[in-house]
Amino acid sequence: MKTSFPKKDIKIVLLEGIHQSAIEVFHDAGYTWIEHHDKALPRDELFKAIADAHIVGLRSRTQLDAEAIVQARRLLAVGCFCIGTNQVDLDQAHDRAVPVFNAPYSNTRSVAELVIAEAILLMRRVPERNAECHRGGWSKSADGSFEVRGKTLGIVGYGHIGTQVGVLAEALGMHVIYHDIEAKLALGNASAARDLDDLLARSDIVTLHVPATPQTAGMLGAAQIARIRHGAMLINASRGNVVDIDALAAALKSGQLAGAAVDVFPKEPKSRDEEFASPLREFDNVILTPHVGGSTQEAQLNIGTEVAAKLVRYSDNGSTLSAVNFPEVSLPEHPGSSRLLHIHHNVPGVLSRINDVFSQSGVNINGQHLQTDGKIGYVVIDVSASETQSEALREQLAAIPGTVRTRLLY
Ligand code: NAI
């Protein structure tokens, strides 16, 4: 498949040591002009690198703010090779018809595995025994140590991660119950708890996998923690503000909870140089990890593949499925047709002008797709036309008032 300019002329800038898997995806798709930087670039160097870039890939350290997006005059699409997209000015990108893609679920399995490992370690009292050994102690005892087999795991938030945790837990012989605000299909032998309180009362281990929403902020406060079965454990690898940390510390101190594993915190250090402060540091029976639930080599590889594939699909085919700031269109292949992409301000009259162009040209339209959001409209038209005819049509489309961008794929 060709685009209105050859793939070798499409410049891809990858920042912050994006995984090699991304480069392989671009190469396999025929893209060869790839500039790979191991680190985030200082602002002036960033501006230089992206000035003529068509595709920019970044992680969390590069700020692609409004000014940077304006500097990147040829920008077609942005790939956030991570979960979050706060580092990109999504509105500015949207207004300049630049879809932004990310990889929200590439690290699902990594989080699920950590949670299962923590469930086993907590049930065996490994965190305390480990800490004692480090201090020269030797508490060789089975006191308070249990297998996870036959125990009940309560999963709060039965989404991508929650369901994976459930499947792995069942493989270990655990009973799985879950609570979700949506009606969810139970996997395996899992069953829905009546409500959150029911789950808290029945679980030997409670694990949280909800998103950050106003509803989930502080959803495990002192009152909810008090409803957890005495001597149970709590795992939070979701978001830092879901659990009231002071209430958790109080429950650990009183023995209401026998242990906890926490990966995310209300306030996390911004860098390695900043000290990690938390009332949980004093407890040997708490596993503390620095927000690494999703941080594995496999997740990095998956993120590289997933985001690069989305960028290639947009560049080759026009599909915007799962773009975070753009009308989503999943497009079929278009063998034997030229594909014209027209992105315009969502104002009255543009569509009829587009249709006029085609009715006057006499070319056959094989397929048409339209998706709009509040501000922009995205029209994709497949036509039977020669390259020259298609390019002439693209020029006419580009001249329609309200047009933000046109592209031709053939
Ligand atoms: P998801 O969107 O697939 O699942 C979330 C589930 O929670 C959905 O089923 C939703 O209906 C449910 N939910 C929402 N509000 C709820 C409420 N008030 N009560 C009960 N259920 C509720 O999300 P995914 O991918 O499973 O991620 C879950 C969490 O894990 C997110 O907060 C995410 O930020 C976090 N995460 C943490 C990582 C880490 O490094 N520790 C890495 C990846 C994700």
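Residues numbered from 1 in each chain as written. Predicted model: local features only at pLDDT ≥ 70, side-chain atom pairs only at ≥ 80, totals over all residues. Heavy atoms only, no water.

Visitor: Got a minute to help me understand the domain arrangement of the protein chain in this structure?
Guide: Many structure descriptions define interface size as the accessible area lost when the parts assemble. Partitioning the protein chain into structural domains gives domain 1 (1-107 + 296-316), domain 2 (108-288) and domain 3 (335-410). Each of domain 2 and domain 3 has a C-alpha centre, and the two are 53 Å apart. (Domains from an automatic or database assignment.)

Visitor: Explain the state of the cysteines to me, please; I cannot follow it from the model alone.
Guide: Cysteine pairs can be linked by a disulfide, which is a covalent bond between their two sulfur atoms. Evaluation of the coordinates by the stated rule reveals zero disulfides. Free of any disulfide, Cys82 has its nearest neighbouring cysteine sulfur in Cys80, separated by 5.1 Å. Residue Cys82 is classed as buried on the basis of its relative accessible area, which comes to 13%. (Disulfide = S-S within 2.5 Å. Buried < 20%, exposed > 50% of the residue type's maximum accessible area, 1.4 Å probe, protein only.)

Visitor: Would you mind going over the site of the ligand with me for this structure?
Guide: Around the ligand, the surrounding shell holds 26 residues, and the nearest of these are His160, Ile161, Asp180, Val210 and Asp263. Here Ile161 contributes a backbone N or O atom positioned 2.8 Å from an oxygen atom of the ligand. The residue inventory of the shell around the ligand, partitioned by class, reads ten nonpolar, eleven polar and five charged. (Near = heavy atom within 4 Å. Polar contact = N/O pair within 3.5 Å; in protein donor to acceptor, adjacent residues only side chain to side chain. Nonpolar A, V, L, I, M, F, W, Y, C, P; charged D, E, K, R; others polar.)

Visitor: Is there a simple way to think about unusual backbone geometry in this case?
Guide: A negative phi holds for most residues other than glycine; trans holds for most peptide bonds. With a phi angle near 65°, Glu16 is a residue other than glycine that sits in the positive phi range. When you line up the elements, Glu16 lands in the loop between β1 (12-14) and α1 (20-28). Among the residues examined, Glu16 registers a relative accessible area of 8% and is labelled buried. (Helix = DSSP H or I, 4+ residues; strand = E, 2+ residues; numbered from the N terminus.)

Visitor: What should I look at first to understand the packing of aromatic side chains in this one?
Guide: The geometry of an aromatic ring pair is captured by the separation of the ring centres together with the interplanar angle, meaning the angle of the planes. Summed over all chains, the structure comprises five aromatic pairs. Relative to Tyr31, the ring of Phe26 lies with its centre 6.4 Å away and its plane at 80°, an arrangement referred to as edge-to-face. For the pair Phe26 and Tyr31, one class covers both residues: buried. Note on Phe326 and Tyr378: the rings are 5.5 Å apart at their centroids and 65° apart in plane angle, and the pair reads as edge-to-face. Here the residue Phe326 occupies a position in the loop between α11 (297-317) and β13 (338-345), and Tyr378 occupies one in strand β15 (residues 376-384), the gap between them amounting to 52 residues. Above the plane of the ring of Tyr314 lies Arg407, whose end atom (NZ or CZ) is 5.6 Å from the centre. (Phe/Tyr/Trp six-rings, centres within 6.5 Å; stacked < 30°, edge-to-face > 60°. Lys NZ or Arg CZ within 6 Å of the ring centre and 35° of its normal.)

Visitor: I'm lost on the nonpolar core in this one. Help?
Guide: Within soluble globular proteins, side chains that are nonpolar tend to cluster in buried spots. In terms of nonpolar packing, the biggest core is built from 32 residues, with Ile12, Leu14, Phe26, Phe81, Leu311 and Tyr378 touching the most fellow members. At the level of secondary structure, the elements contributing two or more residues to this core comprise β1, α1, α11, β13 and β15. Here this core gets six residues from one element, more than from any other, and that element is α11. The two domains that each donate at least three residues to this core are domain 1 (1-107 + 296-316) and domain 3 (335-410). Ignoring any residue separated from it by four or fewer positions in sequence, one finds Phe26 in contact with Ile12, Leu14, Tyr31, Ile34, Ala308, Leu311 and Val312. By size, the runner-up hydrophobic cluster in this structure holds 30 residues, among which are Val206, Ala232, Val262 and Val286. (Core = buried A, V, L, I, M, F, W, Y, C linked by side-chain atoms within 4.5 Å. Contact = heavy atoms within 4.5 Å.)

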